[in-house]
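Spelled out, the chains give:
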Amino acid sequence: MKTKSWEIGLPYPWESLQVVLSEPEKTLPFFPYFESISGTKVRFKVPRFIFNFGYEFDLAVGFQEGRAVYTFTGDKGILTITFEMEGKRLRVTASWAGFGEAFMGKPLENFARGIAEAIRDFCSAQASCPVAKISGNEGVVEHITPETAPALIKRVSWELEGRDFLLEGKAEDGTRLSAEVRGGKLVRLVVEDPSGRRSVIESDVPVLELDGEVFRGLPLEKRFEIKVREL
């Protein structure tokens, strides 16, 4: 069996991690090498490596105190992802037992690191998302800031299982916000103030890499009513 691990700081309780991991259909689309999921059937594809495990697995999810395991069983082997919390640290371990083990070192390392970073970002988004209430595709956001705006987009992207969407918001003073996400990236951000002056930002930033810099200086510290529409 080939095994690689990655450890990362996670200053959130185990319950936050459980929320993210308990819905793999929302979380898996942000894992490295992900291709598709349908029910418990999951496909991964590793390009540019000698061993390409671009075939179907059957997923089983298990939880214990402070520990969770995703087990992917396929015709050519078993891929196991283990999540363990020790204090404020998350350790992700990726193990492959099956065909091509000798070539899986680097892909497994990338896999463990990418998963750990995705989980950290989604736990952070759950904790800091400024959504006060949301029902269906509509909600109310209180006092968006450059720090909380990325969490809002990550949270919506997670809820929509990585699908493309347009988030639109309107504040009580007439300020309008529009954020377009395609292919897992924020591609366009538009903010229009009550006078009609528009700030348009064209970008190509992956959702999981969003930070406050993209939103710096924009007039967002208001109460917005938002709508989310899939594209």
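A quick note: this is a predicted structure, and the numbers were derived from the prediction, not measured.

J.: What am I meant to see in the pattern of salt bridges here?
T.: Opposite charge on two side chains permits pairing when their charged atoms draw close. According to the stated counting rule, one finds 21 salt bridges in the structure shown. Notably, a salt bridge pairs E35 with R43, separated by 3.7 Å at the nearest N-O pair. Look at E35 and you get partly exposed, because its relative accessible area is 40%. Take R43: its relative accessible area is 27%, and that puts it in the partly exposed class.

J.: Mind showing me how you'd approach the packing of aromatic side chains here?
T.: Two measures describe an aromatic ring pair: the distance that separates the ring centres and the angle between the ring planes. Summed over the entire model, instances satisfying the criterion amount to 12 aromatic pairs. Each ring, one from F57 and one from W96, has its centre 6.1 Å from the other, and the planes form 90°; the classification is edge-to-face. Here the residue F57 occupies a position in strand β4 (residues 56-64), and W96 occupies one in strand β7 (residues 89-98), the gap between them amounting to 39 residues. Like W96, F57 is buried. Ring plane angle 70° and centroid distance 5.3 Å describe the contact between Y70 and F83, whose orientation is recorded as edge-to-face. One end of the pair, Y70, is in strand β5 (residues 67-74); the other, F83, is in strand β6 (residues 77-86), and 13 residues separate them in sequence. Owing to a relative accessible area of 0%, Y70 belongs among the buried residues under this scheme.

J.: Any chance you could explain the nonpolar core here in plain terms?
T.: Note that soluble globular proteins tend to have their nonpolar side chains buried in a common cluster. Grouped together as the largest cluster of nonpolar side chains are 39 residues, with contacts concentrated most on F44, F72, I81, F83 and I119. Every element with two or more residues in this core is listed here: α1 (14-21), β3 (41-44), β4, β5, β6, β7 and α3 (105-128). Listed in part, the 26 residues of the second largest apolar core include C129, I153, A171 and L189.

J.: Explain α1 to me, please; I cannot follow it from the model alone.
T.: Along an α-helix, a turn takes 3.6 residues, which lines up residues three or four apart on a common side. Taken as a whole, α1 has its buried residues at W14, S16, L17, V20 and L21. Down the axis of α1, the sector holding all buried residues measures 160°, keeping them to one side.

J.: Explain the side chain of D121 here, please?
T.: Counting through the fold element by element, D121 comes out in helix α3. Residue classification places D121 among the buried positions, given a relative accessible area of 12%. Excluding its chain neighbours within four sequence positions, the residues that come into contact with D121 are K154 and L208.

J.: Please clarify how the sheet that holds β3 should be interpreted in this entry.
T.: As a general point, the strands of a sheet are linked pairwise by backbone hydrogen bonds and lie either parallel or antiparallel. The strand order across the open sheet built from 7 strands is β1-β7-β6-β5-β4-β3-β2, with neighbouring strands paired in antiparallel fashion. Of all the strands in the sheet, the pair left with one neighbour each is β1 (2-9) and β2 (34-38). Ignoring strand direction, the axes of neighbouring strands in this sheet form an average angle of 20°. Of the strand pairs in this sheet, β6 and β7 are connected by 10 bridges, and their pairing is antiparallel. Along β7, the bridge assignment pairs T80 with S95. Against the sheet, α1 contacts β4, β5, β6 and β7, and its axis sits at roughly 155° relative to β4. Strands in contact with α3 are β1, β3, β6 and β7; relative to β1, the strand with the most contacts, it is inclined by about 25°.

Conventions we followed
Residues numbered from 1 in each chain as written. Predicted model: local features only at pLDDT ≥ 70, side-chain atom pairs only at ≥ 80, totals over all residues. Heavy atoms only, no water. Salt bridge = Lys/Arg side-chain N within 4 Å of Asp/Glu carboxyl O. Buried < 20%, exposed > 50% of the residue type's maximum accessible area, 1.4 Å probe, protein only. Phe/Tyr/Trp six-rings, centres within 6.5 Å; stacked < 30°, edge-to-face > 60°. Helix = DSSP H or I, 4+ residues; strand = E, 2+ residues; numbered from the N terminus. Core = buried A, V, L, I, M, F, W, Y, C linked by side-chain atoms within 4.5 Å. Arc of directions from axis to C-beta. Contact = heavy atoms within 4.5 Å. Pairing = 2+ DSSP bridges. Axes fitted to C-alpha atoms, helices over the stretch in contact; angles between N-to-C directions.

The values reported here are purely geometric and, on their own, carry no functional implication.
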